[in-house]
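# Reading the structure
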Amino acid sequence: MLMNKALLVMAIVTLALFGYAVKTAHLPPASVSYQEVFYKDNETVVFVERDGWGLFEMNIDPKVKGFELSITFPEGTEYLVEYNGKEYKGTNKFKLEISEGGTMYVHFGIPQELADSIYHENAKAEIKIHMEKMPFWRDDYTLHLIPREND
């Protein structure tokens, strides 16, 4: 009887540790490299034009097939995403299941009020990129929107 209790306790501890490992694991489901994304003042940034439009590219090389990629834009943002010959238009949030590699072109337009506040009031805005395939594969990126500096 004492041995059964010890095994039960060990099984519970092992399951708890496994659950914690699954919850906190962050193994990226793809290698991603960016174009038109820069590193400035310890932040990953994307430039926004005065009219609110911006763009960036993501070269995606999947490590696992069938992961979900989502891009969350600031409220009211329109986007056009082109990936492997298909175009997707929408507002606020983009979601796609990725099974093969390729280059994703992301063209977005934030509301003019937000663009004005980014340029004149140093307002903060960001784009969040999330990739996930349960149970272990997930990764997050945050791209901060900043005004393009005049030359």
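Below is a short write-up of the structure. Computed from a prediction, not measured in an experiment: that's the story for all the values here.

## What to know about the overall build of the chain
When its secondary structure is counted, the chain shows two helices and eleven strands. When the helices and strands of the chain are placed in sequence order, the string is α-β-β-β-β-β-β-β-β-β-α-β-β. Relative to the compact-globule value of 15 Å for 151 residues, the chain shows a C-alpha radius of gyration of 20 Å, a clear excess of over 25%. Here the chain holds 151 residues, and the buried ones make up 33% of them. Residue pairs in contact within the chain that sit at least 24 positions apart in sequence constitute 66% of those at least 6 positions apart. Put simply, the chain shows about 9500 Å² of open surface, and 56% of that area lies on carbon and sulfur atoms. The positive charge centre, built from 15 side chains, and the negative charge centre, built from 23, are 11 Å apart in the chain.

## Here we look at the pairing of strand S10 (residues 126-133)
Of the pairings in the sheet, the one linking strand S5 (residues 67-72) to S10 comprises five bridges and is antiparallel in character. For Thr 72, the partnering residue across the bridge sits in S10 and is Lys 128. Judged from the eight bridges that link them, S10 and strand S11 (residues 137-147) form a sheet pairing that is antiparallel. In the sheet register, Ile 127 faces S11, and the bridge partner there is Leu 143.

## Observations concerning unusual backbone geometry
In this structure, Asn 92 takes a positive phi of about 70° despite not being glycine. Among the structural elements, Asn 92 can be located in the loop between strand S7 (86-91) and strand S8 (93-98). A positive phi angle, near 55°, is found at Asn 122, a position not held by glycine. Among the secondary structure elements, Asn 122 is positioned in the loop between helix H2 (112-121) and S10.

## A look at the sheet that holds strand S6 (residues 78-83)
Note: strands within a sheet are paired through backbone hydrogen bonds, in either parallel or antiparallel orientation. In spatial order, the strands read S1-S4-S9-S6-S7; together these five strands make up an open sheet with antiparallel pairing. Either end of the sheet is taken by a strand with one partner, and the two such strands are strand S1 (30-35) and S7. Neighbour to neighbour, the strand axes of the sheet diverge by 20° on average, direction disregarded. Note that S6 and strand S9 (residues 102-109) share six bridges and pair antiparallel.

## A closer look at the pattern of salt bridges
Applying the stated criterion across every chain yields a total of four salt bridges. As a salt-bridge pair, Glu 49 and Arg 148 come within 2.6 Å of each other at their nearest N and O atoms. Of this pair, Glu 49 sits in the loop between strand S3 (43-48) and strand S4 (53-62) while Arg 148 sits in the segment after S11, placing them 99 residues apart in sequence. Relative accessible area serves as the criterion here: at 32%, Glu 49 is assigned to the partly exposed category. The salt bridge partner of Lys 128 is Glu 126, with a shortest N-O separation of 3.2 Å.

Rules of the game
- Along each chain, numbering runs from 1 in the same order as the chain's sequence is written.
- Given that the model is predicted, a residue must reach a pLDDT of at least 70 before its local features are reported, and side-chain atom pairs must reach 80 or more before they are shown or counted; all residues, however, enter totals for whole chains, interfaces and linings.
- The side-chain figures draw on all heavy atoms in the structure; neither hydrogens nor water molecules are used.
- Under the DSSP-based scheme used, a helix requires at least four consecutive residues in state H or I and a strand at least two consecutive residues in state E, with every element numbered from the N terminus.
- The globule rule is 2.2 Å times the number of residues to the power 0.38, and the radius of gyration it is compared with is taken over C-alpha atoms.
- The classification of residues rests on relative accessible area computed with a 1.4 Å probe and restricted to protein chains. Under 20% of the type maximum is buried, over 50% is exposed, and intermediate values are partly exposed.
- Residues are treated as being in contact if the distance between any of their heavy atoms lies within 4.5 Å.
- Note on areas: these come from Shrake-Rupley sampling with a 1.4 Å probe, and a residue is covered only by the protein chains present in the view.
- Charged residues are defined narrowly, with Lys and Arg counted positive, Asp and Glu counted negative, and His plus the chain ends left uncounted.
- Where a charge sits is defined by one atom per residue type, namely NZ (Lys), CZ (Arg), CG (Asp) or CD (Glu).
- When DSSP finds two or more bridges between a pair of strands, those strands are recorded as paired.
- Axis definition: a line fit to C-alpha positions, over the contact stretch in the case of helices; interaxial angles, taken between N-to-C directions, run 0 to 180 degrees.
- Whenever Lys or Arg places a side-chain nitrogen within 4 Å of a carboxyl oxygen from Asp or Glu, that contact is recorded as a salt bridge.

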